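A structural walkthrough
If you want the building blocks of each chain, they are given just below.
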Amino acid sequence: LIKITTIPLHHPNGCLGYRIDYMGASFAFCTDNEPFAFTNNKINSLCKDIDLIVLDGQYTKEQLAGPTQTFGHGNPELCVDQAIACNAKKLIVTHMDPGHDDKKVAEMEQACQEYFTKKKPKALKNVEFAREGATWEI
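Summary of the structure given here.

Analysis parameters
- Residues numbered from 1 in each chain as written.
- Predicted model: local features only at pLDDT ≥ 70, side-chain atom pairs only at ≥ 80, totals over all residues.
- Heavy atoms only, no water.
- Axes fitted to C-alpha atoms, helices over the stretch in contact; angles between N-to-C directions.
- Helix = DSSP H or I, 4+ residues; strand = E, 2+ residues; numbered from the N terminus.
- Left-handed = near helix turned anticlockwise from the far one by under 90°.
- Contact = heavy atoms within 4.5 Å.
- Nonpolar A, V, L, I, M, F, W, Y, C, P; charged D, E, K, R; others polar.
- Buried < 20%, exposed > 50% of the residue type's maximum accessible area, 1.4 Å probe, protein only.
- Right-handed = clockwise from strand over helix to strand, strands pointing away.
- Pairing = 2+ DSSP bridges.
- Expected span 1.5 Å × (residues − 1).
- Arc of directions from axis to C-beta.
- Salt bridge = Lys/Arg side-chain N within 4 Å of Asp/Glu carboxyl O.
- Core = buried A, V, L, I, M, F, W, Y, C linked by side-chain atoms within 4.5 Å.
- Polar contact = N/O pair within 3.5 Å; in protein donor to acceptor, adjacent residues only side chain to side chain.

**Focus: unusual backbone geometry**
For residues besides glycine, phi is generally negative; the peptide bonds are generally trans as well. With a phi angle near 60 degrees, aspartate 49 is a residue other than glycine that sits in the positive phi range. One non-glycine residue, asparagine 87, adopts positive backbone phi at about 65 degrees.

What follows is the structure, given as structure tokens:
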């Protein structure tokens, strides 16, 4: 039996986040969500103890504090905070800004990894940025 659960996310014109549970494994996809200075309680509930969560880290902290605020997207550090709040085991950060070149995305990923390392979460073991052609097993 496969179970799919959805929640509304914070994005202009709306968006859905969803969780899929199947054969003892769980996956959540919650992109096009703009977090605030705190984690989203709806995502926390939906994704409690999730095996793999995919979140939106389109902007840098500086960009999100500026004119891109209210566009409906997050930053990688807020993705880490959200994954920790969910007690997730693995986080994939996606939805990169098309204006960011590979160097910028690599800088964002390095900053995210440093933030993750400082947080020292118990359950969250791995944080990666999504890449074309990448696959993950749950």
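**Looking at the packing of helix α3 (residues 76-86) against helix α4 (residues 102-119)**
Put simply, α3 and α4 touch, their axes get as near as 9 Å, and they point 35 degrees apart. In this structure, the crossing between α3 and α4 has a hand that is right-handed. Each of Pro76, Glu77, Val80, Asp81 and Ile84 in α3 lies in contact with α4, whose residues at this interface are Met108, Ala111, Cys112, Tyr115, Phe116 and Lys119. Partitioned by chemical class, the residues of the contact of α3 with α4 number 8 nonpolar, no polar and 3 charged.

**Here's the deal with the pairing of strand β5 (residues 90-94)**
The buried fraction of β5 is high, at 4 of 5 residues. Taken together, β5, α4 and strand β6 (residues 126-129) form a β-α-β motif whose crossover is right-handed.

**Details of the sheet that holds strand β2 (residues 16-22)**
Spatial ordering of the open sheet is given by β1-β2-β3-β4-β5-β6, a layout of 6 strands whose pairing is mixed. Both edges of this open sheet fall to β1 (2-8) and β6, since each of them pairs with a single strand only. Pairs of neighbouring strands in the sheet enclose a mean axial angle of 15 degrees, with direction left out of account. Together, β4 (52-56), β5 and β6 form the strand contacts of α3, whose direction differs from that of β4 by roughly 150 degrees.

**Considerations on α4**
Here α4 contains 18 residues, and its C-alpha end-to-end distance of 26 Å stays within 8% of the 26 Å for a straight helix at 1.5 Å per residue. Of all the positions in α4, only Val105, Met108, Glu109, Cys112 and Phe116 are classed as buried. One side of α4 carries all its buried residues, which in axial view fall inside an arc of 100 degrees. Exposed and oriented more than 90 degrees from the buried face of α4 are Lys103, Gln110, Thr117 and Lys118. At its buried positions, α4 is contacted by α3 and β6.

**As for the pattern of salt bridges**
Inspection of the entire model under this criterion finds 7 salt bridges. Arginine 19 is the partner of aspartate 21 in a salt bridge, and the nearest nitrogen-oxygen pair spans 2.9 Å. Overall, the relative accessible area of 22% leaves aspartate 21 in the partly exposed class. Classification of arginine 19 by relative accessible area gives buried; the value is 12%. In this structure, arginine 131 and glutamate 109 form a salt bridge, with 2.5 Å as the shortest nitrogen-oxygen distance. Taken together, the positions of arginine 131 in the segment after β6 and glutamate 109 in helix α4 put the pair 22 residues apart, joining distant regions of the chain.

**What to know about the nonpolar core**
Ranked by size, the top nonpolar core spans 24 residues in total, and within it Cys30, Ile43, Cys47, Ile53, Leu91, Leu124 and Val127 carry the most contacts. Those elements that provide at least two residues to this core are β3 (25-30), α1 (41-46), β4, α3, β5, α4 and β6. Not counting chain neighbours up to four residues away, the residues in contact with isoleucine 43 comprise Ile7, Leu9, Cys30, Asn33, Ile53, Gln82 and Cys86.

**Side note on the side chain of glutamine 58**
Here glutamine 58 shows up in the loop between β4 and α2 (61-64). A polar contact is formed between the side chain of glutamine 58 and the side chain of histidine 95, at a distance of 2.9 Å. When residues no more than four places from it in sequence are discounted, the contact partners of glutamine 58 are His73, Gly74, Thr94, His95, Met96, Asp97, Pro98, His100 and Met108.

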